[in-house]
Amino acid sequence: MLAHGRSQVRLRLSALIGIAAAIAAVPVAAEARALRFSDADGIHVVSVKQLDARLVALTVKTAALPGPANIRILLPAGYARNSRSRYPVLYLLHGTSGGASDWTTEGAAEQTTAGQPLIVVMPDIALNDDGGGWCTNWPDGLYKWETFHVEQLIPWVDRNLRTIAARAGRAIAGLSQGGFCSMSYAARHPDLFSLALSYSGAPDIAYDQDAHAGAMFVINATEVALDGVPPNSMFGDPTTDEVNWAAHDPATLATNLRSTNLSLYWGNGQPGPYDGVSTSAGAVAIEAAVWRDNHDFQSRLQALGIPAQFDDYGPGTHTWPYWARDLRWSIGTVMADFTHPPPSPRAVTYTSADARYSVYGWAVSMHRAAREFSTLEHATTRGFAIAGSGSATVLTPPSYRPGTRYRVSLSGPHAAGARVVRAGPDRRLRFAVPIGPSNPYQQYTAQSQAAGTAVYTTAVTISKVAR
């Protein structure tokens with residue numbers, strides 16, 4: 001009887017365990033049924049695995065990268081049940097030699113975001129745990145990280161998940177190399193993110209000369225020792241391609257960040273509350289260099305009158321406990337930003353060294369002999385100015401009446417007169433803007449420094465033609 005009774009207890013216990021497991025699996029199964037990730041925007045989905053009720057692991061392929069990339073996505077609780085709700089997205093980037101799983105395995109991202117109405121997207125910024133590519137399209141075309149993250153991943157996420165698919169519903173954050181990425185992407189694409197955060201990042205790789213020297217050392221070391229590629233593979237040789245370094249540098253592009261909320265966190269490299277005897281000398285030295293780099297960036301923003309939140313928290317090294325704390329400290333800032341996002345600028349000013357760019361609905365193609373910076377200045381529906389050399393083709397935002405004629409008046413040292421342009425069915429105007437003679441040498445090269453890089457400005461006024 002005793003043996004029979006124990007057997008019954010074991011049977012009941014086994015049944016209870018089975019029931020509990022089945023109940024626990026219900027949320028995971030429900031969320032899995034609610035998720036359908038499709039190929040789109042240049043991304044092919046290789047595999048999808050639901051790790052728990054909130055966390056999904058994906059492997060994808062894209063022509064922008066030479067191998068598969070991983071993405072982890074944290075969904076808000078009840079995502080499947082609240083089928084009509086849309087959520088803001090935090091893009092959360094790891095650091096050098098890391099991977100998409102880092103923020104959930106090392107940074108407590110799942111615990112920190114629990115209960116928040118928020119989607120968190122954590123993509124690879126390195127393949128196979130190599131050093132990473134510093135979030136740029138490499139000159140040789142081998143890696144196109146910016147294409148993957150900006151042109152493919154963001155629209156793919158908006159297509160596959162119920163997001164608030166607008167600037168007001170996106171923030172980007174990252175640690176170390178990922179902190180550079182978050183600031184660089186925000187500066188290069190200010191119309192995509194309302195908030196950018198950096199945790200022990202490197203926001204100045206070109207503007208300050210000391211910071212530039214340190215960045216070159218770190219990036220070259222990453223290329224050679226971790227990625228197994230020649231030095232200067234990511235941004236090009238500074239003696240001939242310095243403009244490309246500057247074109248991705250948050251400090252150089254700082255004026256583009258004027259309408260973006262910014263938060264930066266860093267330590268000074270001295271052992272802090274999370275350090276012990278096992279803290280490496282490298283973690284101390286790297287954070288000390290980060291301290292200097294962030295102070296240079298802080299000085300740059302303050303000189304331009306650009307507001308930002310700076311948290312120079314003192315003792316702390318380049319290690320995960322501090323980055324996990326940074327996320328805990330800043331999650332309130334992230335959610336507050338989504339509640340009250342900064343408005344888009346009424347007049348757009350944007351600086352770029354790219355031959356073609358689009359920002360806040362404006363699209364500009366530069367026509368010039370050599371690569372250099374140009375600036376779209378104070379652009380509104382009534383007009384703008386362009387500074388640089390050569391000429392530009394401008395496509396305005398869709399702000400005009402289709403079929404209506406508008407007078408485009410030009411004024412500058414190498415431009416004068418007016419023309420009539422008719423708005424297309426897309427409510428946009430397209431026209432050429434002469435600026436000035438093209439500079440023959442790429443900016444920042446020895447030749448350009450000897451000859452000078454001339455900057456001309458053409459002002460454009462747009463007015464409706466009277467009937």
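Quick note: structure is the one above.
Figured I'd write up the structure that's included with this text. As the structure is a prediction and not an experimental result, all values here were calculated from the model.

Counting its regular elements, the chain contains 10 helices and 19 strands. Taking 467 residues into account, the globule formula puts the C-alpha radius of gyration at 23 Å, and the chain, at 25 Å, falls close to it. Across its three principal directions, the C-alpha atoms of the chain cover 105 × 60 × 40 Å. By the burial criterion, 53% of the 467 residues in the chain qualify as buried. For the chain, the proportion of contacts with a sequence separation of at least 24, taken over those separated by at least 6, is 69%. Summed over its atoms, the accessible surface of the chain is roughly 20100 Å², and 55% of this surface lies on carbon and sulfur atoms. On the chain, the mean spot of the 38 positive side-chain charges and the mean spot of the 36 negative ones are 17 Å from each other.

We now examine the sheet that holds strand β18 (residues 430-436). Hydrogen bonds between backbone atoms are what pair the strands of a sheet, whose relative direction is either parallel or antiparallel. Within the open sheet, the four strands sit side by side as β11-β12-β15-β18. Their pairing is antiparallel. Pairing within the sheet leaves two strands with one partner each, and these edge strands are β11 (356-359) and β18. Averaged over all adjacent pairs, the angle separating strand axes in this sheet is 20°, with direction ignored. Sheet topology places β11 next to strand β12 (residues 362-367); four bridges connect them, and they run antiparallel. Note on β12: the bridge partner recorded for Y357 is V364.

All right, on to the sheet that holds strand β7 (residues 195-199) then. Read across the sheet, nine strands follow the order β1-β2-β3-β5-β4-β6-β7-β8-β9 without closing on themselves; strand pairing throughout is mixed. Only two strands of the sheet have a single neighbouring strand rather than two, namely β1 (44-50) and β9 (309-312). Averaged over neighbouring strand pairs, the angle between their axes works out to 15° when direction is ignored. Sheet analysis places strand β4 (residues 89-93) next to strand β6 (residues 170-175), joined by five bridges and oriented parallel. Paired with L92 across the bridge in β6 is A173. Across the sheet, helix α8 (residues 281-304) is in contact with β8 (261-266) and β9; its angle to β8 comes to roughly 150°.

In this section: the environment of T445. Relative to the assigned elements, T445 resides in the loop between β18 and α10 (446-451). The class for T445 is buried, based on a relative accessible area of 7%. Through-space distance from the C-alpha of T445 to that of T375 is 20 Å; in sequence the pair is 70 residues apart. If sequence neighbours within four positions are ignored, T445 has contacts with T239 and T240.

What counts and what doesn't
Residues numbered from 1 in each chain as written. Predicted model: local features only at pLDDT ≥ 70, side-chain atom pairs only at ≥ 80, totals over all residues. Heavy atoms only, no water. Helix = DSSP H or I, 4+ residues; strand = E, 2+ residues; numbered from the N terminus. Rg over C-alpha atoms; globule rule 2.2 N^0.38 Å. Buried < 20%, exposed > 50% of the residue type's maximum accessible area, 1.4 Å probe, protein only. Contact = heavy atoms within 4.5 Å. Areas by Shrake-Rupley, 256 points an atom, 1.4 Å probe, with all protein chains shown as cover. Lys, Arg positive; Asp, Glu negative; His and termini not counted. Charge placed at Lys NZ, Arg CZ, Asp CG, Glu CD. Pairing = 2+ DSSP bridges. Axes fitted to C-alpha atoms, helices over the stretch in contact; angles between N-to-C directions.

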